[in-house]
Amino acid sequence: MAGERIMELKDISISYVSKKEKTDAVRNVSFQLDKGSILGLVGESGCGKSTLASVFLKLIYPPSKLMGGSLNYYGRGDEEDILNLKPPDLRRYRWKEVAMIFQGSMNSLNPVMKVEDQIIDVMIDHDYSYTEAMNSVDKLLQMAGISKRVRSLYPHELSGGMKQRVNIAIALSCEPKVLIADEPTTALDVVVQDQIIKKLESLRNELGLSILFISHDISLVGVIADKIAIMYAGKIVEIGKATDIMNNPKHQYTIALLSSIPSLEDSGKKVKGIPGKPPVLNREIIGCAFADRCAKATERCRSEEPQLEQVDSEHLSACYFPG
Amino acid sequence: MLTLRYVRRRVLYLVLTLFVAISINFFLPRLIPGNPAITVLLTRYGNHITPQELRLVESQLNLSGTLWQQYVGYMVALFHGNLGVSFYFYPASVSSIIAGALPWTLFLLGSATVISVILGVSIASFIGWRLGGKTDSMVSTISISLQSLPVFWLGLILQIVFGLMVVINGVGLFPVAHAFSTNVTVGPNLAFIASVLYHSAIPILTLVLISFPGFALLMRNTISTIINEDYVMMARAKGLKTWRLKKMYINKNARLPVATSVALAFGNIVGGAFLIEEVFSYKGIGWYLYTAVTTSDFPLIDGIFLVITITVVIANFIVDLLYSFLDPRVMLE
Amino acid sequence: MMPNGQFPSGQGISASSLKRRSAVLEFLGNVWSNRKGKAGALIFIAMILIAVLGRIFSPYSPYDTSFGIYLPPSAAHLLGTNYVGEDVMSEFLYGTGVSLMVGFIVAIAAMAIGTLVGITAGYMGSVTDDVLMRLVDILLVIPGFPLLVILSAYLPPTIWSTILILSVLSWPFNSRIIRSQTLSLKRRSFVLASRLSGLSSFRIIIRDLIPNVLPIIFINSIFIVVGAIVAQAGLAFFGLGNINSINWGTMLYWFETEDAIIFKAWWWLLPPGFGIMALGIGANLLSNAVSETSSRIRRY
């Protein structure tokens, strides 16, 4: 089912630019996020997924630099080009339309402000009245699955899981239509991780949120996502429905990722990590970026870059050896 | 927000530091071979001093008896606020001299510190938003240059500039000596207060010029790291109004190291104030210390050292307590 | 990033000294290759050259009083003369040597004491550590200048007394850094030491310490050099120490004492101040360069 899109990325490229070198962290990425669905974005650390996440709120500050591409938003009816919004309009768009749960969420809260003040301030700056904001705090904390007692606490008085829930409460405060969740469960223990995942799922079901769920853990994403995009060395190498990606992967990298999941059923089978390291992105890559680590790589893989091509309905892969 | 444990630890430090300062005062003259204070008295009165008189002096200075007896005598005197008698300003007692001079020094110190902190923080919040730009590098360069100057040297320069070069009707624009002019009556009257403020302008300006760059640079550098903190990135993402982002997320955090540094900087500003008092013949305890040093007035030197140490340590203590209101995390350590 | 293989191995240099030397060289190389670092280093090198060669090239003896008093700068006296008719240029060149000597001796002594105390505190731990670190705390709280004054007042008025006092009071910060590094290395090296018999954990600590603390100790030492020169000048200005020694501090002392201000003898006042300012700026440039080039410094 091809859903109605709410956001669309076209040819996004982001580089880290220093005096000495340029690192292409995100290279020509295009995909769309469907309304009310969860899109999982999977890749190893350093593949550019957090950098890509920053584009949704145009949080691109030096040393990172937008090299090209466009980001269209459809949440307010008409098509809007977010990357060309004027500063005041961008400010209004941020958090009101698209909110985010950050990867470093342990440190995402201002250490010298109480929890409630960090919820209230963003609401006031997005045109809620003070009383309205004040009254919403309890409801938001409850929605995020945390006691309303924490509203008058400082971040250092909270555990990691509690901080993450506060972050979710803040993210929901302005009733956004899209939520970017960048590794929302890293550094949390498995039980809390599971609770957070369930929470996000129920938010999607109840509020109709569109969620981009970013993680290095493909098994986790497989549980929650409707669609999955696989990112490698700054590019999307495979994208498709979650069931297709999990059960019928086409790209050799996805296959390798999936085979590195420890499985409960055949515990006797040895789990193998992917040998080698991703390529450094400060120079041009010729051919397929995964070729050096791929068992099936041929001369063609090393000289000519495979492009994303349709392999199935709503399933694209950039590999010469589909399946 | 103050926990008893925190206050108790601070008090312990206070007492410990005072104990060390007192010990320095007690042991220093007694460890140096040929107690210099006695030597000074002997040379001053030549050989006319009788053994009885010498004993009297020794008991005055708590130098008779065993070390333990001396220590007890010294502590008893100290608790009675008795710091001995000045050699040079004889028969004035050291405590009366200090009591008269300390308010002047505290005035210089207090105003200079407060103005420096406010100025430093304001300048840093201004350039913190323009890091890496022309204003930033200009302000940073000026700050570093000012900070590198010896305070008394700058004092002399300003004395020449405002006292001798910028002259109106044969009189310098600002007075560059003494704490107030001789033609006003000392007391709570307008003419006296005006005279005091007028006279303190250049000494305070000198101290501020030397002291504010430290605060400004510290806060600027803190901002430059805070700007990359996750919570600032999140604040940007939240689409907060710019003033709120700056005030509540950046400045509120960036001023914390400044608050910590005030206590330490205060000790340095004391040194500056002492030297400045010498330059401007400003009769605070720095000027008296200078006079005591040049006249080998050891009781006065000892007394001033003790009193200024107590002052700084108490100031530190107060700053530490106030700090806990700025940073909610401080009780955790 | 460590440039690998700067030295071909097997040249008779032991592995540990090789590591130490390359760490020092790499560090200095990094600072030098930074624009600010080079500028700061050049300021220091210029000052050291003046200090060392100044006496040789000084136009007159700094004690020669045969000229007119308070002569403004001229071809014969580039920086004029002072209240007894001494040539200020010669005085400055000569005095730079003494002032820099004070600064560098104090910095070296502070490094030695700080390292000794820091390693002792970190390695011994428990009570020794507690006592030493509380002492450091207290030394940092007592106002420095009054403490310097009282110590100087009781000691004989020589430049060496001043050096001694400044050395005794300048080490606390160094010792803190060394201590915290020693602590973290100790934890790691106990594991290592049990495997590598023969190499005691103490020696491992000493060996691994240097590259780790180099940047911060370097910067701190540079600031101690400048701080000691300023402090000595302040003490001299207060009439403490040997006021007849020729250095930047005593130049200013005699300027003040002889009321040279009435003669507006700026040529006598400016040189020592600019000398100190130049070193201060140099130190700040070096410090910026080090924090830009060394990631290790961020830990503190």
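(A) Quick look at the overall build of chain A. When you go through chain A residue by residue, the secondary structure sums to 10 helices and 12 strands. Its C-alpha radius of gyration of 20 Å places chain A within 12% of the 20 Å reference for a compact globule of 323 residues. Its C-alpha atoms put chain A at 65 × 50 × 45 Å along the principal axes. Sequence separation of at least 24 residues holds for 66% of the intrachain contacts in chain A that already meet a minimum separation of 6. When the accessible area of chain A is evaluated, it comes to approximately 14,600 Å², of which 50% is carbon and sulfur surface. Of the charged side chains in chain A, 40 are positive and 42 negative; the average position of the first set lies 4 Å away from that of the second.

(B) Layout of the overall build of chain B. What chain B contains, in helices and strands, is 12 helices and 2 strands. Traced from its N-terminal end to its C-terminal end, chain B shows the element sequence α-α-α-α-α-α-α-β-β-α-α-α-α-α. In terms of principal-axis extent, the alpha carbons of chain B reach across some 85 × 60 × 40 Å. Summed over all atoms, the accessible surface of chain B reaches about 15,400 Å², with 69% contributed by carbon and sulfur. Distance between charge centres in chain B, computed from 20 positive and 12 negative side chains, equals 15 Å.

(C) Layout of the environment of B:Val313. Among the structural elements, B:Val313 can be located in helix α12 (residues 298-326). A C-alpha to C-alpha distance of 9.0 Å links B:Val313 and B:Tyr13, two positions 300 residues apart in sequence.

(D) Fine view of a nonpolar patch on the surface. Among the surface-exposed residues, C:Trp32, C:Leu42, C:Ile45, C:Ile48, C:Leu49, C:Val52, C:Leu53, C:Ile56, C:Phe57, C:Phe104 and C:Ile108 lie close enough to one another that they form a single nonpolar patch of about 1,100 Å² accessible area. Topologically, C:Val52 is positioned in helix α2 (residues 35-57).

(E) Here's a closer look at unusual backbone geometry. Residue and element names in this part refer to chain A. For the bond from Pro62 to Pro63, the omega torsion is 10 degrees, close enough to zero to count as cis. Residue position: Pro63 is located in the loop between α1 (49-54) and β4 (64-73). Backbone geometry places Lys58, a non-glycine residue, at a positive phi of 50 degrees. Within the fold, Lys58 resides in the loop between α1 and β4. A residue is classified by how much of its surface remains accessible, and Lys58, at 27% relative accessible area, is partly exposed. Here Glu175, not a glycine, exhibits a phi torsion of approximately 50 degrees, which is positive. With respect to the helices, strands and loops of the structure, Glu175 is situated in the loop between α5 (160-172) and β7 (178-182).

(F) How the structure looks around empty space enclosed by the protein. Residues and elements named next belong to chain A. According to the stated counting rule, one finds 3 cavities of 30 Å³ or more in the structure shown. As a volume, the largest cavity reaches approximately 80 Å³. Looking at the largest cavity, the residues that line it are His251, Gln252, Cys288, Ala291, Cys294, Lys296, Ala297, Cys301, Pro306, Cys319, Tyr320 and Phe321. Along the lines of polarity and charge, the residues of the lining of the largest cavity split into 9 nonpolar, 2 polar and 1 charged.

(G) How the structure looks around the arrangement of the chains. In this assembly 2 pairs of chains touch, with chains B and C having more contacts than any other pair. Spatially, chain A is disjoint from chain C: no contact exists, and the shortest C-alpha separation is 13 Å.

(H) Seen up close, the interface of chain B and chain A. Tallying the contact residues gives 21 residues for chain B and 25 residues for chain A. With both sides pooled, the region where chain B packs onto chain A buries about 2,300 Å², and carbon together with sulfur makes up 64% of that total. Ranking the residues of chain B by area buried against chain A places B:Met234, B:Ala237 and B:Lys238 at the top, with a combined share of 26%. Where chain B touches chain A, the interface holds 2 salt bridges. We note a salt bridge from B:Lys238 to A:Asp121, for which the minimum N-O separation is 3.4 Å. At the junction of chain B and chain A, the tally comes to 12 residue pairs in polar contact (both at pLDDT 80 or more). Elements that contribute at least two residues to the side of chain B that touches chain A include exactly α9 (230-237) and α10 (242-279) of chain B. Taken together, the residues of the side of chain B that touches chain A sort by class into 11 nonpolar, 2 polar and 8 charged.

(I) Quick peek at the domain arrangement of chain A. Residues and elements named next belong to chain A. Considered domain by domain, chain A is made up of domain 1 (5-97 + 176-317) and domain 2 (105-175). Relative to domain 2, the C-alpha centre of domain 1 lies at a distance of 28 Å. At the junction of the two partners, domain 1 supplies 18 residues and domain 2 supplies 21 residues. Together, Trp95, Lys96 and Pro176 form the three largest contributors to the area buried by domain 1 at its contact with domain 2, with a combined 35%. Remark: the boundary between domain 1 and domain 2 carries 0 salt bridges. Between the two partners, domain 1 and domain 2, sit 8 residue pairs in polar contact (both at pLDDT 80 or more). If you list the elements that add at least two residues to the side of domain 1 that touches domain 2, you get α2 (87-93) and α6 (190-207).

(J) Spatial organisation of the nonpolar core. Counting 143 residues, the largest nonpolar core has B:Phe274, C:Phe238, C:Trp248, C:Phe255 and C:Trp268 as its most contacted members. No other element matches helix α8 (residues 201-237) of chain C, which puts 12 residues into this core.

(K) The arrangement of the interface of chain B and chain C in detail. With 45 residues of chain B in contact, the opposing surface of chain C contributes 36 residues. For the pair chain B and chain C, the summed buried area comes to about 3,800 Å², and 81% of that belongs to carbon and sulfur atoms. At the junction of chain B with chain C, the criterion picks out 0 salt bridges. Inspection of the chain B/chain C interface yields 4 residue pairs in polar contact (both at pLDDT 80 or more). Put simply, the parts of the chain that give the side of chain B that touches chain C at least two residues each are α1 (4-31), α6 (134-147), α7 (151-165), α10, α11 (285-294) and α12 of chain B. Residue contributions to the side of chain B that touches chain C peak at 9 residues, all from α12(B). Considering only residue class, the side of chain B that touches chain C consists of 31 nonpolar, 12 polar and 2 charged.

(L) Representation of the side chain of B:Arg236 within the structure. The residue B:Arg236 is located in helix α9 in this model. For the buried B:Arg236, which has no salt bridge, the nearest side chain bearing the opposite charge is B:Asp230, at an N-O separation of 11 Å. In contact with B:Arg236, not counting residues within four places along its chain, are A:Leu59, A:Tyr61, A:Arg94, B:Ile227 and B:Leu245.

(M) Fine view of the pairing of strand β10 (residues 235-241) of chain A. Residues and elements named next belong to chain A. Among the 7 residues in β10, 6 count as buried, and that is most of the element. Bridging between strand β9 (residues 227-232) and β10 involves 6 bridges; their strand directions are antiparallel. Bridge pairing in β10 places Met231 opposite Ile236. The turn joining β9 and β10, which pair antiparallel and follow one another in sequence, is formed by 2 residues; a positive phi near 50 degrees is taken by Ala233.

(N) Focus on the sheet that holds strand β12 (residues 315-317) of chain A. Residue and element names in this part refer to chain A. Strand order in the open sheet formed by 8 strands is β6-β7-β8-β3-β9-β10-β12-β11, with mixed pairing between adjacent strands. Since the sheet does not close on itself, it has two edges, and those belong to β6 (98-101) and β11 (309-312), each with one partner. Each neighbouring strand pair of the sheet contributes to a mean axis angle of 25 degrees, computed without reference to strand direction. Taken together, the 5 bridges between β7 and strand β8 (residues 210-215) define a ladder with parallel strand orientation. Among the inter-strand pairings, Ala181 is bridged to a residue of β8, identified as Phe213.

(O) Spotlight on the packing of α1(B) against helix α4 (residues 126-141) of chain C. Following both chains from N to C, one finds α1(B) and α4(C) inclined at 75 degrees, their axes separated by 10 Å at the closest point. The orientation of α1(B) relative to α4(C) falls into the category roughly perpendicular. For the pair α1(B) and α4(C), contact is made by B:Tyr13, B:Leu16, B:Thr17 and B:Val20 and by C:Arg134, C:Asp137, C:Ile138 and C:Val141, respectively. Its residues assigned to classes, the contact of α1(B) with α4(C) comprises 5 nonpolar, 1 polar and 2 charged.

About the thresholds
- Residues numbered from 1 in each chain as written.
- Chains lettered and ligands numbered in written order.
- Predicted model: local features only at pLDDT ≥ 70, side-chain atom pairs only at ≥ 80, totals over all residues.
- Heavy atoms only, no water.
- Helix = DSSP H or I, 4+ residues; strand = E, 2+ residues; numbered from the N terminus.
- Rg over C-alpha atoms; globule rule 2.2 N^0.38 Å.
- Contact = heavy atoms within 4.5 Å.
- Areas by Shrake-Rupley, 256 points an atom, 1.4 Å probe, with all protein chains shown as cover.
- Lys, Arg positive; Asp, Glu negative; His and termini not counted.
- Charge placed at Lys NZ, Arg CZ, Asp CG, Glu CD.
- Patch = residues over 30% accessible without salt bridge, like charges linked within 9 Å, V, L, I, M, F, W, Y side chains within 5 Å.
- Salt bridge = Lys/Arg side-chain N within 4 Å of Asp/Glu carboxyl O.
- Buried < 20%, exposed > 50% of the residue type's maximum accessible area, 1.4 Å probe, protein only.
- 1 Å grid on protein atoms, 1.4 Å probe; cavity = no way out; pocket = protein on both sides within 12 Å on 5 of 7 lines; lining within 4 Å.
- Points joined across faces, edges and corners; volume = space filled by probe spheres on them.
- Nonpolar A, V, L, I, M, F, W, Y, C, P; charged D, E, K, R; others polar.
- Buried area = accessible area lost by both parts, 1.4 Å probe.
- Polar contact = N/O pair within 3.5 Å; in protein donor to acceptor, adjacent residues only side chain to side chain.
- Domains from an automatic or database assignment.
- Core = buried A, V, L, I, M, F, W, Y, C linked by side-chain atoms within 4.5 Å.
- Pairing = 2+ DSSP bridges.
- Axes fitted to C-alpha atoms, helices over the stretch in contact; angles between N-to-C directions.
- Parallel < 35°, antiparallel > 145°, perpendicular 65-115°, else oblique.

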